[in-house]
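Here is what each chain is made of, one letter per residue.
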Amino acid sequence: DFLPLKCDACEEFFCKDHIRYDDYKCSSAYKKNVQVPVCPLCNAPVPVQKGEIPDVVVGAHMDKDCKYNPAQQKQKIFTNKCLKPGCKRKEMMKVVCEQCGGNFCIKHRHPLDHDCKGSSHPTTKA
């Protein structure tokens, strides 16, 4: 088929084998692209009006409206504070006492080590 086909973005003519935007790197393909770009910093969708270049709009968003906060990205790993009075240790994972349900550090995880007020007390220290 040698009939010319007109590109609906740039309005140039191509054969059926080369009509796709990617085949000839159409410079006007962004006009027909209906995807909503996402900001790489804050992961928010950035609305692009018809005829605007998405890269330029996302760049402007990053310069002005972006809610990215680098301090938020540093998430604390040790967030599980020991409930034993006076202990300031924190663990990466919860260490929950089976008897009282409290969260403790490795040092105070056994019921005798944190003066457990749970339903049953062990008779010996583990």
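These lines cover the structure that appears in this document, whether it is placed above or below. (Residues numbered from 1 in each chain as written. Predicted model: local features only at pLDDT ≥ 70, side-chain atom pairs only at ≥ 80, totals over all residues. Heavy atoms only, no water.)

1. A closer look at the environment of Lys94
As for its position among the elements, Lys94 is in the segment after strand E4 (90-91). The exposed category is assigned to Lys94, whose relative accessible area is 61%. Along the backbone, Lys94 and Thr79 are 15 residues apart, and their C-alpha atoms lie at a distance of 8.8 Å. Beyond its immediate stretch of four places on either side in the chain, Lys94 contacts Asn80 and Asn103. (Helix = DSSP H or I, 4+ residues; strand = E, 2+ residues; numbered from the N terminus. Buried < 20%, exposed > 50% of the residue type's maximum accessible area, 1.4 Å probe, protein only. Contact = heavy atoms within 4.5 Å.)

2. Notes on the packing of aromatic side chains
The tally for this structure, following the rule as stated, stands at one aromatic pair. Between Phe14 and Tyr24, the aromatic rings sit 3.9 Å apart at their centres with planes inclined by 25 degrees, giving stacked as the arrangement. Here Phe14, found in strand E2 (residues 13-14), pairs with Tyr24, found in helix H1 (residues 21-24); they are ten residues apart in sequence, far enough to count as distant. Of the two residues, Phe14 and Tyr24, both sit in the buried class. (Phe/Tyr/Trp six-rings, centres within 6.5 Å; stacked < 30°, edge-to-face > 60°.)

3. Brief notes about the side chain of His114
As for its placement among the helices and strands, His114 is situated in the segment after E4. Overall, the relative accessible area of 6% leaves His114 in the buried class. At 2.9 Å, the side chain of His114 and the backbone oxygen of His108 are in polar contact. (Polar contact = N/O pair within 3.5 Å; in protein donor to acceptor, adjacent residues only side chain to side chain.)

4. Concerning a nonpolar patch on the surface
A contiguous nonpolar surface patch, about 230 Å² in accessible area, is contributed by Leu41, Met62 and Tyr68. As for its placement among the helices and strands, Met62 is situated in helix H2 (residues 54-64). (Patch = residues over 30% accessible without salt bridge, like charges linked within 9 Å, V, L, I, M, F, W, Y side chains within 5 Å. Areas by Shrake-Rupley, 256 points an atom, 1.4 Å probe, with all protein chains shown as cover. Salt bridge = Lys/Arg side-chain N within 4 Å of Asp/Glu carboxyl O.)

5. A word on the pattern of salt bridges
Here the structure, examined in full by the defined rule, presents three salt bridges. Between Asp17 and Lys16 there is a salt bridge, with the nearest N and O atoms lying 3.9 Å from each other. A relative accessible area of 54% means that Asp17 is categorised as exposed. For Lys16, a relative accessible area of 46% translates into the label partly exposed. Residue Lys84 is joined to Asp115 by a salt bridge in which the shortest nitrogen-to-oxygen separation is 3.6 Å. Here Lys84, found in the loop between strand E3 (80-81) and E4, pairs with Asp115, found in the segment after E4; they are 31 residues apart in sequence, far enough to count as distant.

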